[in-house]
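What follows is each chain in one-letter form.
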Amino acid sequence: MTRRLAEVAKYVGVSEATVSRVLNGKPGISEATRAAVLTALDVLGYERPTKLRGERARLVGLVLPELQNPIFPAFADVVAGTLAIRGFTPVLCTRTAEGVSESDYVDMLLDQHVSGVIFAGGLYAQADSDHDHYFRLHERGLPAVLVNAAIEHLGFARVATDDAHAVDRAYQHLVSLGHERIGLVLGPADHVPSHRKRGAFLKRIGAGPDDPEVAERTIYSMDFSMEGGHAAAGALVKRGMTGLICASDVLALGAIRAVRRLGLSVPDDVSVVGFDDSNLMNCTDPPLTTVRQPIEAMGQAAVALLVSQIAGNPVPADEMLFDPELVVRGSTGAAPSGNRAERVTAQVGADGAAS
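Just so it is clear, the model here is predicted, and its values are computed rather than measured.

Engineer: Is there a simple way to explain the overall build of the protein in this structure?
Structural biologist: What the protein contains, in helices and strands, is 13 helices and twelve strands. Along the three orthogonal principal directions, the C-alpha set of the protein runs to about 80 × 45 × 35 Å. Counting every position in the protein, which comprises 355 residues, the buried fraction comes to 51%. Taking contacts inside the protein between residues at least 6 apart in sequence as the whole, the part at least 24 apart equals 69%. As presented, the protein carries roughly 16300 Å² of accessible surface, and 51% of it is formed by carbon and sulfur atoms. Both charge centroids of the protein, one from 33 positive and one from 42 negative side chains, sit 7 Å from each other.

Engineer: Would you explain a nonpolar patch on the surface in this entry?
Structural biologist: There is a patch of nonpolar side chains on the surface, built from Tyr11, Val43 and Leu44 and spanning about 220 Å² of accessible area. With a relative accessible area of 32%, Leu44 lands in the partly exposed category.

Engineer: When you look at the environment of Ala76 in this model, what are you seeing that I'm missing?
Structural biologist: Take Ala76: it is sitting in helix α4 (residues 71-85). As for Ala76 and Ile256, which are separated by 180 residues in sequence, their C-alpha atoms are 28 Å apart. The contact partners of Ala76, leaving out residues within four places of it in the chain, are Leu62 and Leu64.

Engineer: Mind showing me how you'd approach the sheet that holds strand β11 (residues 320-322) here?
Structural biologist: Within a sheet, adjacent strands bond to each other through the backbone by hydrogen bonds, running parallel or antiparallel. Pairing is parallel in the open sheet, where six strands are placed in the order β2-β1-β3-β4-β5-β11. Only two strands of the sheet have a single partner each, and these edge strands are β2 (88-94) and β11. Pairwise comparison of adjacent strand axes, ignoring direction, gives a mean angle of 20° for this sheet. As defined by bridge partners, strand β1 (residues 58-64) adjoins strand β3 (residues 116-120) across four bridges and the pair is classed as parallel. Bridging across to β3, Val60 finds its partner in Gly116.

Engineer: Can you walk me through helix α8 (residues 192-204) in this structure?
Structural biologist: For an α-helix, the turn length of 3.6 residues means that residues three or four places apart are oriented alike. Here α8 contains 13 residues, and its C-alpha end-to-end distance of 19 Å stays within 8% of the 18 Å for a straight helix at 1.5 Å per residue. If you check which residues of α8 are buried, you get Val192, Pro193, Ser194, Lys197, Ala200, Phe201 and Leu202. Tucked inside the fold, the buried residues of α8 contact α7 (163-176), β6 (182-186), α9 (212-218), β7 (219-221), β8 (243-246) and β9 (271-276). Gly206, located one to two residues past α8, shows a positive phi value of around 75°.

Engineer: What's the story with the pairing of β9 in this structure? I'm lost.
Structural biologist: Regular strands have side chains that alternate between both faces of the sheet. Across the six residues of β9, six count as buried, placing the element largely inside the fold. Sheet topology note: the β8/β9 ladder contains three bridges and is parallel. Across the sheet, the residue bridging to Leu244 is Val272, located in β9. Since β8 and β9 lie parallel, the crossover through helix α11 (residues 249-261) that links them has a hand, and here it is right-handed. Two strands pair when backbone bridges link them, and β9 and strand β10 (residues 289-292) are joined in this way by four bridges, in the parallel orientation.

Engineer: Would you take a moment to explain the nonpolar core for this structure?
Structural biologist: One broad trend across soluble globular proteins is that nonpolar side chains are buried collectively. Counting residues in hydrophobic clusters, the biggest one holds 49 residues, and the most contacted among them are Phe75, Ile118, Phe119 and Tyr124. Sort the elements by how many residues they give to this core and helix α12 (residues 295-310) lands first, with eight residues. Not counting residues within four places of it along the chain, the set of residues in contact with Phe75 comprises Leu62, Leu64, Ile118, Ala120, Val147, Ile295, Met298 and Gly299. By size, the runner-up hydrophobic cluster in this structure holds 44 residues, among which are Leu174, Ala207, Ala215 and Ile219.

Engineer: Is there a simple way to explain the side chain of Glu319 in this structure?
Structural biologist: Mapping Glu319 onto the fold places it in the loop between α12 and β11. Among the polar contacts listed, one links the side chain of Glu319 to the side chain of Arg196, at a separation of 3.1 Å. Among all residues touching Glu319, those that are not within four sequence positions of it are Ala149, Arg158, Ala160 and Arg196.

Engineer: Please clarify how helix α1 (residues 2-12) should be interpreted in this entry.
Structural biologist: Among the residues of α1, those classed as buried are Arg4, Leu5, Val8, Ala9 and Val12. Each buried residue of α1 sits inside an arc of 125° when the element is viewed along its axis, so together they form one side. Exposed and oriented more than 90 degrees from the buried face of α1 are Thr2, Arg3 and Lys10. Two residues or fewer after α1 comes Gly13, characterised by a positive phi angle close to 85°.

Engineer: Could you clarify how one ought to interpret the packing of α7 against α8 in this entry?
Structural biologist: Angle between the axes and distance between the axes: these two values describe a pair of packed helices. Packing of α7 against α8 brings their axes to within 8 Å, and their N-to-C directions diverge by 45°. Looking at the two axes, α7 sits oblique to α8. The handedness of the crossing between α7 and α8 is right-handed. Residue-level inspection shows Asp163, Ala164, Val167, Asp168, Tyr171 and Gln172 of α7 in contact with α8, the latter providing Pro193, Arg196, Lys197, Ala200, Phe201 and Arg204.

Conventions used here
- Residues numbered from 1 in each chain as written.
- Predicted model: local features only at pLDDT ≥ 70, side-chain atom pairs only at ≥ 80, totals over all residues.
- Heavy atoms only, no water.
- Helix = DSSP H or I, 4+ residues; strand = E, 2+ residues; numbered from the N terminus.
- Buried < 20%, exposed > 50% of the residue type's maximum accessible area, 1.4 Å probe, protein only.
- Contact = heavy atoms within 4.5 Å.
- Areas by Shrake-Rupley, 256 points an atom, 1.4 Å probe, with all protein chains shown as cover.
- Lys, Arg positive; Asp, Glu negative; His and termini not counted.
- Charge placed at Lys NZ, Arg CZ, Asp CG, Glu CD.
- Patch = residues over 30% accessible without salt bridge, like charges linked within 9 Å, V, L, I, M, F, W, Y side chains within 5 Å.
- Salt bridge = Lys/Arg side-chain N within 4 Å of Asp/Glu carboxyl O.
- Pairing = 2+ DSSP bridges.
- Axes fitted to C-alpha atoms, helices over the stretch in contact; angles between N-to-C directions.
- Expected span 1.5 Å × (residues − 1).
- Right-handed = clockwise from strand over helix to strand, strands pointing away.
- Core = buried A, V, L, I, M, F, W, Y, C linked by side-chain atoms within 4.5 Å.
- Polar contact = N/O pair within 3.5 Å; in protein donor to acceptor, adjacent residues only side chain to side chain.
- Arc of directions from axis to C-beta.
- Parallel < 35°, antiparallel > 145°, perpendicular 65-115°, else oblique.
- Left-handed = near helix turned anticlockwise from the far one by under 90°.

Structure follows, in structure tokens:
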């Protein structure tokens, strides 16, 4: 019993005495704290006292595209903890290539009578995907929050990192290091956050959105994987780029691998900037310079918006944008010049001829 009190108290962030009062049905405890303690019992695998078993925890779906990219488990951790404190139990749903689809998860969550759903990196961010399941949620009037840029007119509350500002910070950093030939590695062409980054990048280099020649020379779109980053970076470096801005840390790690496969060095020959600042990016070789998403603040905001809707309160229709932070580490350095620039050109030219 003492161990249970200690674990629940630590999980919720209250005293053991408070947990004891909740379990014994004593007065003087706020409803939010009481609900958080009961939720903690469920999450930690403890049975509720008999007189409290009829009170089931409220459920909230958390739908993610994957768990291999460490940014999504980190976001899930923030959201789950914040939901538990507010008296809700998160239900984690992760899409798989040949498994349960996002649409199927929505049907399952509706069958479970969830109080609401938080989506992160969902199909709402891909313009060419099927969006019928979002419209089903909207028709049911189920509270939902979309995290990171979505297509327009879905009608849900939205929380996002400012993609344009992220590109500006990365671009300014590379320019300050003397880089004049900067390339951009993005996700799929219909990916809304990537589209926003693309627009900001073209504006930075003084090109219009309808300038295909400039875009073809400086921008490369691939799937979000190390292999995609490898392919994109290899092509851009062969076009003479000495600085690369990547739309995810995973793409950036693939880019670093591509630079090395070309016989070049990061950052001496090519500088690489990632996006997310997911776990362990300070432990890579070299440590990755990246644009950090403020997932703590975004996760808490997403939960606040959802809980407000569940309580019947209106929420702003405008997208809530959060400023990212540039974290400078070892993958960026001064642009190559003089003999080194000539060696890079010769090396890339030789590799291109060999391939």
